[in-house]
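Architecture at a glance
For reference, the chains in residue letters:
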Protein chains: 2
Amino acid sequence: MKELKEWFDALSEIGVAAEGGYYRGSYTPEETEMYRLVAGWMEEAGLTVRRDAAGNLWGKVDGRNPEALPIVTGSHIDSVRNGGNYDGIFGVLGSLMAVKEILKKQGQPKTTMEVVAFTGEEGSRFSIGLMGSHAVAGSLDKATFREKTDVNGVTIAEAMAEVGLDAEQVDEAVRDKVGAYLEMHIEQGPVLEKAGIPVGVVDSIVGTQQFRVTMSGEAGHAGTVPMADRRDPMVYAARAIARFPEIAKNSGDGVITVGRIWTKPDAENVIPGEVCFTVDLRHPVEEIKQEMAAAVKRVCEEEAAPGGREITWIPYPNNLATEMTPELKTMLMEACEELGYPCRLMPSGAGHDTLNMAKLGPVGMLFIPCLGGRSHCPEEYASIEDMEKGVRVLETCLNRLAY
Amino acid sequence: MKELKEWFDALSEIGVAAEGGYYRGSYTPEETEMYRLVAGWMEEAGLTVRRDAAGNLWGKVDGRNPEALPIVTGSHIDSVRNGGNYDGIFGVLGSLMAVKEILKKQGQPKTTMEVVAFTGEEGSRFSIGLMGSHAVAGSLDKATFREKTDVNGVTIAEAMAEVGLDAEQVDEAVRDKVGAYLEMHIEQGPVLEKAGIPVGVVDSIVGTQQFRVTMSGEAGHAGTVPMADRRDPMVYAARAIARFPEIAKNSGDGVITVGRIWTKPDAENVIPGEVCFTVDLRHPVEEIKQEMAAAVKRVCEEEAAPGGREITWIPYPNNLATEMTPELKTMLMEACEELGYPCRLMPSGAGHDTLNMAKLGPVGMLFIPCLGGRSHCPEEYASIEDMEKGVRVLETCLNRLAY
């Protein structure tokens, strides 16, 4: 498995950002260069390489039984801005490593196997998350490609043209059903490292609901309005936000984050007339996620009641909680047991391409620890030893699924 | 007193802001035009007019006794952006009205009387509050005039030159002691209107302390870090801010305002690594103000303790609480009694030029109600009837002080 480290070292030279970390946006020269290298490694492993109409890279080895639906494994190749070298990349290179190993040991499989490197999972260039896998699942609106632009005003279609892709043909990337999709990923959280467990088997990908909340009160002079006469939305917002952790705790595995907050008119000596904040809430069980959203609304309304004004809620797209396929969860856990690796069933707090691939067939996901749970930052790191454990678990499952 | 309404009507044409309300910054053509009109009305009232080296306008009638320290009354002529036509202006025009009335009735006073219209009280052009009266009290740093600029990069010295003033000569505006300074102002709060009382006698001008507080925690992915593993400074900040009203309540007349708040990195799906907010706290008694500041710090430290990081405090300039001169408070209240006006002793939550004039002699202030307590906004309004009551109270005091 010495290639794994060599591959990571080679990619670590590409897309180094001046401000620290990496940036590998969709359809950039950096992404193209990464694809060039990965395509070469796929070919060395004995795979037939193609790039689909959306720009995703696929490496395939045909199985002896052309009737069987293909077994697909992989992740995404793009990164956030100032991100790390492991988010997504581990799933791409680790999958390729597992396929290469098993082909070397066992030759042609019964069932076709494919390794995929999706583009645009992060949405860091065009603000569309899971873009490449949406194209594959057929859940992308083609009009978006002509309309959405990056920060420099370049449309998706224009950016695709620069790397030889035609946005009008993107439907050709849509795939038929697959036999299974398995994705490996760094955890991006601290749970596995803290517990000293090398493998997490994903139980479900959490549902996410985001809102922008606006609480109104009455702006006024910070010195002349007695406390009893105030309708200060900053106080209402603080009281509500202070209660969110309790809502999360009562939900079991749910999390609630207020990532942004600001006031109007935003002056030191003025009681705000308005406070806006964002709420991001997640839970692995869709029904409980919805109960959390209702509880957040109730708490905000209770705390803002003295202001006597309606609260404004702007919902952002709502992602449903998605359970992994039970048979694949079991298979992943059994593989860990065979290999003697402690593992833990856990939710994924982040969204992944698996969400789209679930539209095409059974899905399974595994996590490996990452240093301090850090991700989306230059400090992101996973050890070769942990990555190799993930590869062996995947290889064991591929052996069961494709041979 | 019919002139009072005419004067207000004439000024209401000047400095009308496109976005609503008025803007009359220091050394602008709008301010010059206002001074031209006010100077004319001063002359009609029999006063000798001069503009001092800082740009403040003075109208004087000499008393028969040249030894007696002059009795000064007035307020400021500048406005905030999108402000009203009464904040400051009422004190200028109302004082002129009172002096005009008493001169008409009683002729030359024993003691010299002066009406002043200060420039730059609001600091809305150059971010120096009480600028004109600071110049008069000798508490202004001249270097500031060459350094500070408005939003267009014009220095104070350059702006002064445009209206014929020389910043190098600003020390000539410094005055000797005065016999008394009386200032009338709209309340800028809801207390008098709510109580149905036409006159407030200011007991003291509150002390103000502002800080910028930074709470740190650990940034992280909004989905992947379980609640128990978070060090989320937004939660700490919310819990602290939610406790501020209790601190204010325990202080008696104190107020606490969080006017600004923001997070870093300021993203919907990221647990903030840092939350910054401003605290503006005020109390009429200096000692209690300091106790409030200590309580705010203690509460912030308690709530941020789980984050294990030091809180950063950046203090802004601290204004001491300033008591009005007891004899003038009594005189103002007795005047109200004579005239049959209910009055109330009350703190001023806002700073005023009186703070600087207190360095030159005894000071007294009176408030009149303003509609809904609104000020610093286009809706600012005081009725002619309430303004006339203020004028009569002032006239009664001038009669005692100067005749």
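What you see is a predicted model; the values in this text were computed from it and never measured.

Residues and elements named next belong to chain A. Omega for the peptide link from Lys 264 to Pro 265 comes to 5°, which places this bond in the cis form. Take Pro 265: it is sitting in the loop between β10 (261-264) and β11 (270-271). For Tyr 27, which is not glycine, the phi dihedral falls at a positive 65°. Position of Tyr 27 among the secondary structure elements: in the loop between α1 (2-11) and α2 (29-44). Judged by relative accessible area, Tyr 27 falls into the buried class, the value being 2%.

Tallying the contact residues gives 50 residues for chain B and 50 residues for chain A. Looking at the side of chain B facing chain A, the largest losses of area belong to B:Met227, B:Ile261 and B:Glu268, adding up to 15% of the total buried there. Counting the contacts that link chain B with chain A gives 6 salt bridges. Here A:Glu268 and B:Arg260 are joined by a salt bridge, their closest N and O atoms 3.6 Å apart. Linking chain B with chain A are 12 residue pairs in polar contact (both at pLDDT 80 or more), by the criterion used here.

Once that is clear, we can look at the packing of α1(A) against helix α12 (residues 384-402) of chain A. All names here are of chain A. Relative orientation of the contacting elements α1 and α12 amounts to 120°, with a least axis distance of 10 Å. Between α1 and α12, the interaxial angle falls into the category oblique. Relative to α12, the crossing made by α1 is right-handed. Here Leu 4, Lys 5 and Phe 8 of α1 come into contact with α12, specifically with Ile 384, Met 387, Glu 388 and Val 391.

Mapping chain B onto chain A leaves a residual RMSD of 0.1 Å; the transformation is a rotation of 180° accompanied by 0.1 Å of translation along its axis. Interpreted geometrically, this transformation is the action of a two-fold axis. For chain B, the smallest separation between a C-alpha atom and the rotation axis is recorded for B:Ala238, amounting to 2.1 Å.

Quick look at helix α9 (residues 286-304) of chain B now. All names here are of chain B. Counted at 1.5 Å a residue, the expected span for α9 with its 19 residues is 27 Å, and the 27 Å between its end C-alpha atoms agrees. Buried residues of α9: Glu 286, Lys 289, Met 292, Ala 293, Ala 295, Val 296, Val 299, Cys 300, Glu 303 and Ala 304, and no others. On its buried side, α9 packs onto β7 (207-216), α8 (233-250), β9 (255-257), β12 (274-283) and β13 (312-315).

Take the environment of A:Asp150 next. Residue and element names in this part refer to chain A. Inspection of the secondary structure puts Asp 150 in the loop between α5 (143-147) and α6 (156-162). Relative accessible area serves as the criterion here: at 8%, Asp 150 is assigned to the buried category. In this structure the C-alpha to C-alpha distance between Asp 150 and Gly 25, which are 125 residues apart in sequence, comes to 9.9 Å.

Residues and elements named next belong to chain A. Per the stated rule, a full pass over the model turns up 53 salt bridges over all chains. When the shortest N-O distance is used, the salt bridge between Arg 51 and Glu 31 registers 3.6 Å. Of this pair, Arg 51 sits in strand β1 (residues 48-51) while Glu 31 sits in helix α2, and the two are 20 residues apart along the sequence. Classification of Glu 31 by relative accessible area gives buried; the value is 0%. Among the charged side chains, a network of salt bridges with common partners joins Glu 101, Lys 104, Lys 105 and Glu 395.

Cut-off values and rules
- Residues numbered from 1 in each chain as written.
- Chains lettered and ligands numbered in written order.
- Predicted model: local features only at pLDDT ≥ 70, side-chain atom pairs only at ≥ 80, totals over all residues.
- Heavy atoms only, no water.
- Helix = DSSP H or I, 4+ residues; strand = E, 2+ residues; numbered from the N terminus.
- Buried < 20%, exposed > 50% of the residue type's maximum accessible area, 1.4 Å probe, protein only.
- Contact = heavy atoms within 4.5 Å.
- Buried area = accessible area lost by both parts, 1.4 Å probe.
- Salt bridge = Lys/Arg side-chain N within 4 Å of Asp/Glu carboxyl O.
- Polar contact = N/O pair within 3.5 Å; in protein donor to acceptor, adjacent residues only side chain to side chain.
- Axes fitted to C-alpha atoms, helices over the stretch in contact; angles between N-to-C directions.
- Parallel < 35°, antiparallel > 145°, perpendicular 65-115°, else oblique.
- Left-handed = near helix turned anticlockwise from the far one by under 90°.
- Least-squares fit on C-alpha atoms with pLDDT ≥ 70 in both.
- Expected span 1.5 Å × (residues − 1).

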